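Summary of structural features
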Amino acid sequence: MNVARQLYQLQELDLEIESDQRALGQVTGQLGESQAVLRAKAQLDSEQQRLEELKHQQHTAEWEIDDITTRIATAEESLFGGRIKNPKELASLQHEVETFKTRRDGLEEKALEVIDQVEQAEASLAEIKSRLEGLTADWQRQQKQLAEEQARLEAAIAELKQKRQLLSEQIEPQAVELYQALKKGKGRAVARVEQGICRGCRISLPTTDLQRARGSNLVQCSSCGRILFLP
Ligand SMILES: [Zn+2]
């Protein structure tokens, strides 16, 4: 077989390997933690903490209400029990009961506000939980697909490399060396010739070069130096 054709095939394999390796790099880069899942988990933690604080506030308020209710009952017992006759003392007790009741009204108002906030936090927590479940399921699905794609690309690259090995063994070593050197310097070592033009540098080739390239000789473009391949 024409050496230029073999080198062109080698280049096709190299391009395919490079493209698969780029794809593999992208796939590997996407494997791992999901920022969206991590953010949702952090939100869940902070909302859970907020809910616990609110519940603590609610219990404290309820406990204070119970306590003050007991105090009111005790004061009212003394007030209406008939044992205390001193008007000054009675007035003072009356005042105490009123103060307690005002305070209890305030505490009850505060407790209602907290209960409202607890309900809101519980709803928000449920929303975050369901969002997190969705995100986690999406992420797991995506990771599975990526892992499959990774395995597919790795297998494809291994197969291409094997093909490349077999092909390069069939080509004369000097030609492979030239190919490698040109590839290193120019990216692509072999240029197709179409309508007498080198596709590597788009210059019109002299007829003599075209004739030589048509034979079994290895001919390099006089302008860009690439190996010429006439399909
Ligand atoms: Zn050229």
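Here is a short report on the structure shown in this document.

Here is what the cut-offs are and how they apply
- Along each chain, residues carry numbers from 1 onward, in the same order as the chain's sequence is written.
- Local features in this predicted model are restricted to residues whose pLDDT is 70 or higher, and side-chain atom pairs enter the listing and the counts only when it is 80 or higher, whereas totals over whole chains, interfaces and linings include all residues.
- Side-chain calculation: all heavy atoms of the structure are included, whereas hydrogens and water are not.
- Only the contacting stretch of a helix is used when fitting its axis, a line to C-alpha atoms as for every element, and angles between N-to-C directions run 0 to 180 degrees.
- Only DSSP runs of H or I covering at least 4 residues are called helices, and only runs of E covering at least 2 are called strands; the numbering of each starts at the N terminus.
- Put simply, angles under 35 degrees are roughly parallel, angles over 145 are roughly antiparallel, angles from 65 to 115 are roughly perpendicular, and the rest are oblique.
- Crossings are assigned a handedness: left-handed for a near helix turned anticlockwise from the far helix by less than a right angle, right-handed for a clockwise turn.
- For this scheme, ten residues count as nonpolar: Ala, Val, Leu, Ile, Met, Phe, Trp, Tyr, Cys and Pro. Four count as charged, namely Asp, Glu, Lys and Arg, and the remainder, Gly too, count as polar.
- Each metal's donors are the N, O and S atoms found within 2.8 Å of it, except that Na, K and Ca use a 3.2 Å limit; water is left out, so coordination can look incomplete.
- Angular criteria define each label, namely tetrahedral for four donors with all angles between 85 and 135 degrees, square planar for four and octahedral for six donors with opposite donors over 155 degrees apart and remaining angles between 65 and 115, and irregular for whatever fails these tests.
- In what follows, salt bridge is the name for a side-chain nitrogen of Lys or Arg lying within 4 Å of a carboxyl oxygen of Asp or Glu.
- For every residue, the accessible area obtained with a 1.4 Å probe (protein chains only) is divided by the maximum for its type, and the residue is called buried under 20%, exposed over 50%, and partly exposed between those limits.
- Two strands pair under a simple rule: DSSP has to find at least two bridges between them.
- We call two residues contacting when some pair of their heavy atoms lies within 4.5 Å.

Each packed pair of helices is defined by two parameters, the angle between the axes and the distance between the axes. The N-to-C vectors of helix 1 (residues 3-30) and helix 3 (residues 87-170) enclose an angle of 160°; their axes lie 9 Å apart at closest approach. Classed by the angle they form, the pair helix 1 and helix 3 counts as roughly antiparallel. Helix-helix and strand crossings are classified by hand; for helix 1 and helix 3 the assignment is left-handed. Partitioned by chemical class, the residues of the contact of helix 1 with helix 3 number 12 nonpolar, 10 polar and eight charged.

Contact geometry of helix 2 (residues 35-80) with helix 3 gives a least axis separation of 7 Å together with a crossing angle of 160°. Taken together, the axes of helix 2 and helix 3 lie roughly antiparallel to each other. Judged by the twist between their axes, the crossing of helix 2 over helix 3 is left-handed.

For the rest of this paragraph, the subject is the coordination of the zinc ion. Binding of the zinc ion to the protein goes through C198 (SG), C201 (SG), C221 (SG) and C224 (SG), at separations of 2.3 to 2.4 Å. The coordination sphere of the zinc ion comprises four donor atoms, whose angles at the metal cover 105 to 114°; the geometry is tetrahedral. All donors of the zinc ion belong to a single chain; written as a sequence motif, their spacing is C-x2-C-x19-C-x2-C. One end of the pair, C201, is in the loop between strand 2 (197-198) and helix 5 (207-214); the other, C221, is in the loop between helix 5 and strand 3 (227-229), and 20 residues separate them in sequence.

A few words on the pattern of salt bridges. Where charged atoms from two side chains of opposite charge approach closely, those side chains can pair. Across all of its chains, the model carries 13 salt bridges by this definition. Here R131 makes a salt bridge to E127, at a shortest N to O gap of 3.1 Å. Placement of the pair is R131 and E127 together in helix 3, with a separation of four residues, close to one helical turn. Under the relative-accessibility criterion, R131 is labelled partly exposed at 32%. In this structure, a network of salt bridges that share partners links the residues R192, E194 and R199.

Across the sheet, three strands lie side by side as 2-1-3; this open sheet has mixed pairing. The sheet is open, and its two borders are formed by strand 2 and strand 3, each paired with just one other strand. As paired elements, strand 1 (residues 190-194) and strand 3 share three bridges and run parallel to each other. Its bridge partner lying in strand 3, A191 is registered against L228. The strands touched by helix 1 are strand 1 and strand 3; relative to strand 3, the strand with the most contacts, the crossing angle is about 100°.

Here two bridges tie strand 1 to strand 2, and the two strands are oriented antiparallel to one another. The residue bridging E194 from the neighbouring strand is I197, located in strand 2. Counting the residues in the hairpin turn of strand 1 and strand 2 gives two residues, including Q195, whose phi is positive at 50°.

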